[in-house]
Amino acid sequence: MRKPLLLAAGLFFLLAAEILKVYFIMPFPGSQQSNTIGIAYFIHRYIWLLRIAGWAVVILPLLHYLRNGRWWQKGILGIVLVVYALVVYAFNFKFLADKMFYQPQTKLFAAASGDSINKNELVIGVAINGRAKAYPIEIIGYHHQVKDTVGNTPVMVTYCTVCRTGRVYSPFVNGKYETFRLVGMDHFNAMFEDASTKSWWRQESGTAITGQLTGTQLPEIPSRQMRLADWLHLYPNSLVLLPDTTFKKQYDDLKGYDIDTLHSSLEKRDSASWAFKSWVIGVDIKGNAKAYDWNVLAAKKLMEDSLAGVPLLLTMEDNGQTFYALNRAPGGRVLHFEADTTVKGVGTLLADKETKSVWRLNGVCIFGPLKDSTLQPVQAYQEFWHSWQTFHPGTKKGE
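Definitions and cut-offs
Residues numbered from 1 in each chain as written. Predicted model: local features only at pLDDT ≥ 70, side-chain atom pairs only at ≥ 80, totals over all residues. Heavy atoms only, no water. Axes fitted to C-alpha atoms, helices over the stretch in contact; angles between N-to-C directions. Helix = DSSP H or I, 4+ residues; strand = E, 2+ residues; numbered from the N terminus. Parallel < 35°, antiparallel > 145°, perpendicular 65-115°, else oblique. Left-handed = near helix turned anticlockwise from the far one by under 90°. Contact = heavy atoms within 4.5 Å. Nonpolar A, V, L, I, M, F, W, Y, C, P; charged D, E, K, R; others polar. Pairing = 2+ DSSP bridges. Expected span 1.5 Å × (residues − 1). Buried < 20%, exposed > 50% of the residue type's maximum accessible area, 1.4 Å probe, protein only. Salt bridge = Lys/Arg side-chain N within 4 Å of Asp/Glu carboxyl O. Polar contact = N/O pair within 3.5 Å; in protein donor to acceptor, adjacent residues only side chain to side chain.

1. Digging into the packing of helix 1 (residues 2-23) against helix 3 (residues 47-68)
Two quantities define a packed helix pair, namely the angle between the axes and the distance from one axis to the other.
Alright, step 1. Contact geometry of helix 1 with helix 3 gives a least axis separation of 8 Å together with a crossing angle of 150°. By the criterion of interaxial angle, the relationship of helix 1 to helix 3 is roughly antiparallel. Regarding helix 1 and helix 3, the two cross each other, and that crossing is left-handed. Two secondary-structure elements touch here, helix 1 through Lys3, Pro4, Leu6, Leu7, Gly10, Leu11, Phe13, Leu14, Ala17, Glu18 and Lys21 and helix 3 through Ile47, Leu50, Arg51, Gly54, Trp55, Val57, Val58, Pro61, Leu62, His64 and Tyr65.
Alright, step 2. Split by residue class, the contact of helix 1 with helix 3 holds 15 nonpolar, three polar and four charged.

Structural data, given as structure tokens:
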């Protein structure tokens, strides 16, 4: 009985190691609900030792049955070995994140104001040192990260479609330029691995969550999500990333992501408020986090609040896609706003109660005593509610 038990246990161990190596860090049923990242990292890091240990257990009983076993025993072993080979191939060459999502081979940019550019697409916009670039979400959503430079500054533009949020980071770790690859996900959030230490980093926060650099934070670079047309109101000379024709099919698979017409269960929105996949706008200032209901802002066009001593104004364009988070205290004077629809044909505007100045929803004053003043942006993100509350556990709901 010893040989068959060893053989069965060893083969089960080998199969489990290959499957769990990927299962815990990809969106398989049940894989993203538990805190298993430590187990996943251990298996990933020591997979060759686990393979050697497993084969050390099975090799002698396996050879015994292949030489001396009955025909049906050899047949069963043959089937099991074929299954094992298929599992090794699938879980090491097909299901791995970086074998499914590749970096762009060619990065081409064009003037975003050009006639051939779709101004309605959602972008992650970055402006540094007087230069601005826009990265369409339906492009970077496939790649998950795009390495680039803006204003001679290296940037790592990231997006996770499964938690519906983008971040931009400086790719320097302890002063050294680092290269990252997509390795999987944790709690439905994209996860990257650095080339130097093999630590794993969370896309949503830029934090190393396991490995040698656990707790290290990537410096975040300010960014804004909005329709390209609205980005051009702020940065008319911006460049926009063009599709890499190598990945046309992959981009086509994300068509409709901007306006939520995809049918993917991982990416489709809950239209109700505060449901698992409801859209929220998240703001985190010095560890003080709040989430604001997308539906409420879309209906009201503006919401006022204060967070960590910062007076906030949240607004949304009439297109229902572009939102702004702004500091409503230009020059230190706190203002209070209301919608102003007295100017016909230009969409919703704002008026501050203190000076009666008129403002665009993007925080630019166009008329009145404060004309040409600008409300400074506050870093904010669109995100699924489940993602925001998972990674900001103390978050509050904004009224």
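Let us keep going from here.
2. Points about the sheet that holds strand 18 (residues 310-316)
Alright, step 1. One open sheet accounts for three strands, arranged 17-18-19; its pairing is antiparallel. Since the sheet does not close on itself, it has two edges, and those belong to strand 17 (302-307) and strand 19 (323-327), each with one partner. Ignoring strand direction, the axes of neighbouring strands in this sheet form an average angle of 20°.
Alright, step 2. With five bridges joining them, strand 18 and strand 19 adopt antiparallel strand pairing. Its bridge partner being in strand 19, leucine 312 is matched across the sheet by asparagine 327.

3. Observations concerning helix 1
Alright, step 1. Taking 1.5 Å as the rise per residue, helix 1 with 22 residues should run 32 Å; its terminal C-alpha atoms sit 31 Å apart, in good agreement.
Alright, step 2. Of the positions making up helix 1, those classed as buried are Leu7, Gly10, Leu11, Leu14, Ala17, Glu18, Lys21 and Val22.

4. What to know about the environment of histidine 64
Alright, step 1. On the secondary structure map, histidine 64 appears in helix 3.
Alright, step 2. For the pair histidine 64 and lysine 3, spaced 61 residues apart in the sequence, the C-alpha separation amounts to 8.7 Å.
Alright, step 3. Not counting residues up to four positions away in its chain, the partners in contact with histidine 64 are Lys3 and Gly69.

5. Concerning the pattern of salt bridges
Close approach of charged atoms allows side chains of opposite charge to pair.
Alright, step 1. Per the stated rule, a full pass over the model turns up 15 salt bridges.
Alright, step 2. Linking aspartate 98 and arginine 181 is a salt bridge whose minimum nitrogen-to-oxygen distance equals 2.6 Å. Of this pair, aspartate 98 sits in the loop between helix 4 (71-94) and strand 1 (109-111) while arginine 181 is found in strand 9 (residues 180-186), placing the two residues 83 residues apart along the sequence.
Alright, step 3. Taking the relative accessible area as the measure of exposure, arginine 181 reaches 28% and is therefore partly exposed.
Alright, step 4. Of the charged contacts, one joins aspartate 305 and lysine 290 as a salt bridge, the two residues approaching to 2.8 Å between their closest N and O atoms. Within this pair, whereas aspartate 305 is found in strand 17, its partner lysine 290 is found in strand 16 (residues 288-293), the two being separated by 15 residues in sequence. Of the two residues, aspartate 305 and lysine 290, neither departs from the other in class, the shared state being buried.
Alright, step 5. Linked through salt bridges whose partners overlap, the residues forming this network are Asp98, Lys99, Arg181 and Glu193.

6. Topic: the side chain of arginine 51
Alright, step 1. For arginine 51, the location among the structural elements is in helix 3.
Alright, step 2. Side chain to side chain, arginine 51 and asparagine 92 meet in a polar contact 3.2 Å long.
Alright, step 3. Setting aside residues no more than four positions away along its own chain, arginine 51 makes contact with Leu14, Glu18 and Asn92.

Note that every value here comes from positions in space, so none of it alone points to a role or purpose.
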